[in-house]
Amino acid sequence: MSAAQKIPSSLSRLYARPGFLLRRAHQISAAVFEDACRDLGLTPAQFGVLTVLQAHPGMGQSSLARALGFDKVTVLRVLRGLQARGFVTRGPAEENRRNVSVSLTAEGELLLQQAQKPAEKAYKRLMAPLDKQQQEQLLELLQLLTGELEEEARAAFVPPRCQFRVRPRKSAPVCLVACRTRP
């Protein structure tokens, strides 16, 4: 008798549910990433924060949370850990002193650079059971699922984009999220 035949039908239904499988896939994804980045002491959440901040230095803490689909408590916990290790700085935002602006330090930039190869190794390991077509299909289906059900999420996901405006007495437009791109 196979292992699947020994599982009661109520458990079989549970184990076949998309939510159960997505949660389990996330656990595996995090474990694969953390194993690949063990020497750097980097988690997937920290890697995400560093990656967004590299693209958008000085981003506000709330915008950073939305850019990763994190709630404010989670992003604060991740930022405190990164700040304690000297990888990010936090301070009052230039545009509104009540908001908190976050930037990578030189050490944070170096850590992110060092993490690129292990992160890619983790990605390849995670996708290894699938052929190229299945990998593309999985990503398309996950994007469809998350896109169609975004309104159901507990934390908003709002990818950052450049929003330019011209400041008075300044000739060059300034990006409102302080990214490195120019119009």
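The following paragraphs examine the structure supplied in this document. (Residues numbered from 1 in each chain as written. Predicted model: local features only at pLDDT ≥ 70, side-chain atom pairs only at ≥ 80, totals over all residues. Heavy atoms only, no water.)

What about the pairing of strand β3 (residues 100-104)?
Look at any regular strand and the pattern is simple: side chains alternate between the two faces of the sheet.
Next, step 1: As judged from the two bridges shared by strand β1 (residues 59-60) and β3, these two strands associate in the antiparallel manner. Residue pairing in the sheet places Met59 in a bridge with Val102 of β3.
Next, step 2: Here strand β2 (residues 88-92) runs beside β3; their pairing, made up of five bridges, is antiparallel. Residue pairing for β3: Gly91 is matched across the bridge by Ser101. (Pairing = 2+ DSSP bridges. Helix = DSSP H or I, 4+ residues; strand = E, 2+ residues; numbered from the N terminus.)

Quick word on the pattern of salt bridges
If the charged atoms of two oppositely charged side chains come close together, the side chains can form a pair.
Next, step 1: Under the defined criterion, the tally for this structure stands at one salt bridge.
Next, step 2: For Asp35, the salt bridge goes to Arg38, with nearest N and O atoms at 2.9 Å.
Next, step 3: Overall, Arg38 belongs to the exposed group, its relative accessible area being 55%. (Salt bridge = Lys/Arg side-chain N within 4 Å of Asp/Glu carboxyl O. Buried < 20%, exposed > 50% of the residue type's maximum accessible area, 1.4 Å probe, protein only.)

Thoughts on a nonpolar patch on the surface
Next, step 1: On the surface, Leu22, Tyr123, Leu138, Leu139, Leu142, Leu145 and Leu149 cluster together to form a nonpolar patch covering roughly 540 Å² of accessible area.
Next, step 2: Top contributing element to the nonpolar patch by residue count: helix α8 (residues 132-148), with four residues.
Next, step 3: Relative to the helices and strands, Leu149 is located in the loop between α8 and β4 (164-165).
Next, step 4: For Leu149, a relative accessible area of 46% corresponds to the partly exposed category. (Patch = residues over 30% accessible without salt bridge, like charges linked within 9 Å, V, L, I, M, F, W, Y side chains within 5 Å. Areas by Shrake-Rupley, 256 points an atom, 1.4 Å probe, with all protein chains shown as cover.)

No statement about biological role is implied by the geometric values presented.
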